[in-house]
Amino acid sequence: MCSNDSPSQKRDGATGAQTAITTEQLQSDYGATIDDLRHTTLPDARVEELVAACVDMQQRLDTHGTVSHETVLELVTTVAEAMEQVRDARVVGDDELPDSRALDTGVPSEAYVLTPAERDETLGVLSALLFTAVETPGAGDATAAAGVVQ
């Protein structure tokens, strides 16, 4: 077999024949994330903040086909703050869940508790949102704006 018979492989195992994600796919991903966020155990105010950011990303993609790196950075910061809230939540077993879980507050108090499964599910949704943000056209412009050569 000749070396030209198979696609080239990069050090991380990725092939050179990767296809770029389309604007429509990204808009769909943001839409799916909105639905996923509404089914997480994040505090309501944080869910609404993240949903608003996802809607903003969808609209900017629809209008311009790209977003500014500042907009992506704001989304990433909001996701990081949400991850911190999940990290700081008290994790308890299903049988230890209190009646009131403080999901209607803007900032989780000591009453904000999650089961291990809820924590993992919520972190999964937030991680997927980070990957979507990184794939969004304009996200990589942050290094260019800072004068960093890639």
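Preceding this section is the structure that the text describes.
Residues numbered from 1 in each chain as written. Predicted model: local features only at pLDDT ≥ 70, side-chain atom pairs only at ≥ 80, totals over all residues. Heavy atoms only, no water.

S.K.: Quick question: what am I supposed to make of the overall build of the chain here?
M.R.: Helices and strands together make up the secondary structure of the chain, namely five helices and two strands. In sequence order, the secondary structure elements of the chain are arranged as α-α-α-β-β-α-α. Pairs at least 24 residues apart make up 64% of the contacts formed inside the chain by residues separated by at least 6 positions. (Helix = DSSP H or I, 4+ residues; strand = E, 2+ residues; numbered from the N terminus. Contact = heavy atoms within 4.5 Å.)

S.K.: I keep staring at the packing of helix H3 (residues 69-88) against helix H4 (residues 116-135) and nothing clicks. Help me out?
M.R.: For any two helices packed against each other, the geometry is given by the interaxial angle and the distance between the axes. Packing of H3 against H4 leaves a shortest axis separation of 10 Å and a crossing angle of 165°. Looking at the two axes, H3 sits roughly antiparallel to H4. Handedness of the H3/H4 crossing: left-handed. Every residue of H4 that contacts H3 at Val72, Leu75, Val76, Val79, Ala82, Met83 and Val86 is listed here: Arg119, Thr122, Leu123, Leu126, Ser127, Leu129, Leu130 and Ala133. Across the contact of H3 with H4, the residue classes break down as 12 nonpolar, two polar and one charged. (Axes fitted to C-alpha atoms, helices over the stretch in contact; angles between N-to-C directions. Parallel < 35°, antiparallel > 145°, perpendicular 65-115°, else oblique. Left-handed = near helix turned anticlockwise from the far one by under 90°. Nonpolar A, V, L, I, M, F, W, Y, C, P; charged D, E, K, R; others polar.)

S.K.: How should I be thinking about the pattern of salt bridges in this particular structure?
M.R.: Where charged atoms from two side chains of opposite charge approach closely, those side chains can pair. This model, assessed by the stated rule, comprises six salt bridges. Salt-bridge contacts for Arg87 lead to Asp88; the nearest nitrogen and oxygen are separated by 2.9 Å. One exposure class covers both Arg87 and Asp88, and it is exposed. Linked through salt bridges whose partners overlap, the residues forming this network are Arg46, Glu49 and Glu81. (Salt bridge = Lys/Arg side-chain N within 4 Å of Asp/Glu carboxyl O. Buried < 20%, exposed > 50% of the residue type's maximum accessible area, 1.4 Å probe, protein only.)

S.K.: Just to check I follow, could you spell out the packing of helix H1 (residues 23-38) against H4 for this structure?
M.R.: Where H1 contacts H4, the axes come no closer than 10 Å and their chain directions differ by 160°. The pairing of H1 with H4 is recorded here as roughly antiparallel in orientation. Considering only the axes of H1 and H4, their crossing is left-handed. Two secondary-structure elements touch here, H1 through Leu26, Asp29, Tyr30, Thr33, Asp36 and Leu37 and H4 through Val125, Leu126, Leu129, Thr132, Ala133 and Glu135. Its residues assigned to classes, the contact of H1 with H4 shows seven nonpolar, two polar and three charged.

S.K.: Could you clarify how one ought to interpret the nonpolar core in this entry?
M.R.: A general tendency of soluble globular proteins is for nonpolar side chains to be buried together. By size, the foremost hydrophobic cluster in this structure holds 26 residues, and its most contacted members are Tyr30, Leu37, Leu42, Leu50, Leu75, Leu126 and Leu129. Elements with a minimum of two residues in this core: H1, helix H2 (44-64), H3 and H4. Looking at which element gives the most residues to this core, the answer is H2, with seven residues. Every residue in contact with Leu126, bar those within four places of it in the chain, is listed here: Leu37, Leu42, Leu50, Val79, Ala82, Met83 and Val86. (Core = buried A, V, L, I, M, F, W, Y, C linked by side-chain atoms within 4.5 Å.)

S.K.: Is there a simple way to explain H2 in this structure?
M.R.: Because the α-helix completes a turn every 3.6 residues, residues three or four places apart line up on one side. End to end, H2 covers 30 Å across 21 residues, agreeing with the expected 30 Å (1.5 Å per residue, within 8%). Next to the buried residues of H2 lie H1, H3 and H4. Positive backbone phi, at 75°, marks Gly65, one or two positions downstream of H2. (Expected span 1.5 Å × (residues − 1).)

S.K.: Is there a simple way to think about H3 in this case?
M.R.: Relative to the 28 Å expected for 20 residues at 1.5 Å per residue, H3 spans 28 Å between its end C-alpha atoms, a close match to the ideal helical length. Those residues of H3 lying buried are Thr71, Val72, Leu75, Thr78, Val79, Ala82, Gln85 and Val86. All buried residues of H3 lie within an arc of 140° about the axis, which places them on one face of the element. Exposed residues pointing more than 90 degrees away from the buried face of H3 are listed as Leu73, Arg87 and Asp88. Where H3 is buried, its residues meet H1, H2, strand E2 (113-114) and H4. (Arc of directions from axis to C-beta.)

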